[in-house]
Amino acid sequence: PAIVVARSRDCDLNYRRSANSAIAEQTWAYLRGAEALVTLALIFDYEADQLAGEPFKDDLTELWARGIDPYPLEEGGFLGGFVLDLQGLFNLNSLVDASGSGEGGAQNIGVSAFNSTQLQFVRLLQALPGVAVDQIEARALTEAIIDFLDADDEPRLNGAESSFYVAQNPSYRAANTELSSVSELRSVANMRPEVFEVLQHYVTVWPKDASQINIHTAPGPVLRSLNPENGADTPLDEAIVQNLLTRRNAQPFSGIDEFLAIDNFPGAETTEPLRGLITERSSYFLLGTVVEIADRRQHMYSWVERDERDIRVLQRREASPNEYLVSRSLIPEIPQ
């Protein structure tokens, strides 16, 4: 009897192991299939603009922005997906230049210590919803991130280099190179957990050539970082951005010139300083796919680059059922 029970248990374990393996393979196949579908939406968007003979732009009314509405599977469960324009977010890697320089060290004090992109990030930090970040903290945190990214080991006035990090427990060193994940911000000096929890939804880390903000897809806090006042380190008034969002929701901007119209920015003498910070075309996207089979839900995130009709997957990552790499407010509703 003991042998029979042992064999029965082994057979049951083998059956469960085989079933789990089959479900995992099926889930992966569905996730890749959903990725292919949302990739086709990006290609179709490019071709539609070409056929229409219109200026190429990416806005939230286009097919790719709708994603894949969750639909039921024959096996039970559902499949769905979404696309997030990463060029609607601030690119952290743009805080240093191509040579890895943050444009100055500890001797730089005051507004002149920051270039236009770095000042934009100072403004973004102060525009984060639900968490208070004043100018002093925003400037100190910006300097710390620049030091974490730049190639030298010379700390800025309020920054921190490896000499600071090796004294921590556990000790580590500054990256001194581009970030590969937004989560690396957790390791930066002066970064409060509550600030990171909000900030992570408005920043990205992809190549510096994707640093311009897409005016058609940027969320409110990112638009508030676009203050045309020369040398300003405070964000746009929330009412100004709300007006821009209302107009954009009713009808996408016809182009950059309409967005930069002086009457959109009350009190500004000129909006030309913003022209180099913005775009209306996007090349980098985050594809999110989700599948549920046999009451098991799995997510996959794919970072892709689009060059006309060519789509290149830069990175894929599977995520646990309760793990989201972007704010739930930025993606379509997923069945519970």
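Residues numbered from 1 in each chain as written. Predicted model: local features only at pLDDT ≥ 70, side-chain atom pairs only at ≥ 80, totals over all residues. Heavy atoms only, no water.

Draft legend 1. Quick look at the overall build of the protein chain. Looking only at helices and strands, the protein chain has nine helices and nine strands in total. Residue burial in the protein chain is summarised as follows: out of 336 residues, 48% are buried. As displayed, the protein chain offers around 16,500 Å² of accessible surface, 50% of which is attributable to carbon and sulfur atoms. (Helix = DSSP H or I, 4+ residues; strand = E, 2+ residues; numbered from the N terminus. Buried < 20%, exposed > 50% of the residue type's maximum accessible area, 1.4 Å probe, protein only. Areas by Shrake-Rupley, 256 points an atom, 1.4 Å probe, with all protein chains shown as cover.)

Draft legend 2. The packing of helix 3 (residues 116-127) against helix 4 (residues 135-149), seen in detail. Packing of helix 3 against helix 4 leaves a shortest axis separation of 9 Å and a crossing angle of 130 degrees. With respect to helix 4, the element helix 3 is oriented oblique. Seen along the crossing, helix 3 lies across helix 4 with a hand that is right-handed. In contact with Gln118, Leu119, Phe121, Val122, Leu125 and Gln126 of helix 3, helix 4 contributes Gln135, Ala138, Arg139, Leu141, Thr142, Ile145 and Ile146. In terms of residue class, the contact of helix 3 with helix 4 is built from eight nonpolar, four polar and one charged. (Axes fitted to C-alpha atoms, helices over the stretch in contact; angles between N-to-C directions. Parallel < 35°, antiparallel > 145°, perpendicular 65-115°, else oblique. Left-handed = near helix turned anticlockwise from the far one by under 90°. Contact = heavy atoms within 4.5 Å. Nonpolar A, V, L, I, M, F, W, Y, C, P; charged D, E, K, R; others polar.)

Draft legend 3. Representation of unusual backbone geometry in the model. Residue Pro170 is bonded to the preceding Asn169 through a cis peptide linkage, with omega at 5 degrees. Looking at the element boundaries, Pro170 is found in the loop between helix 5 (162-165) and helix 6 (193-199). The backbone phi angle of Asn190 is positive, close to 75 degrees, even though this residue is not glycine. Examined against the element boundaries, Asn190 turns out to sit in the loop between helix 5 and helix 6. On the basis of relative accessible area, Asn190 is assigned to the partly exposed category, the value being 41%. For Glu308, which is not a glycine, the phi torsion comes out positive at approximately 60 degrees. With respect to the helices and strands, Glu308 occurs in the loop between strand 8 (296-307) and strand 9 (310-319).

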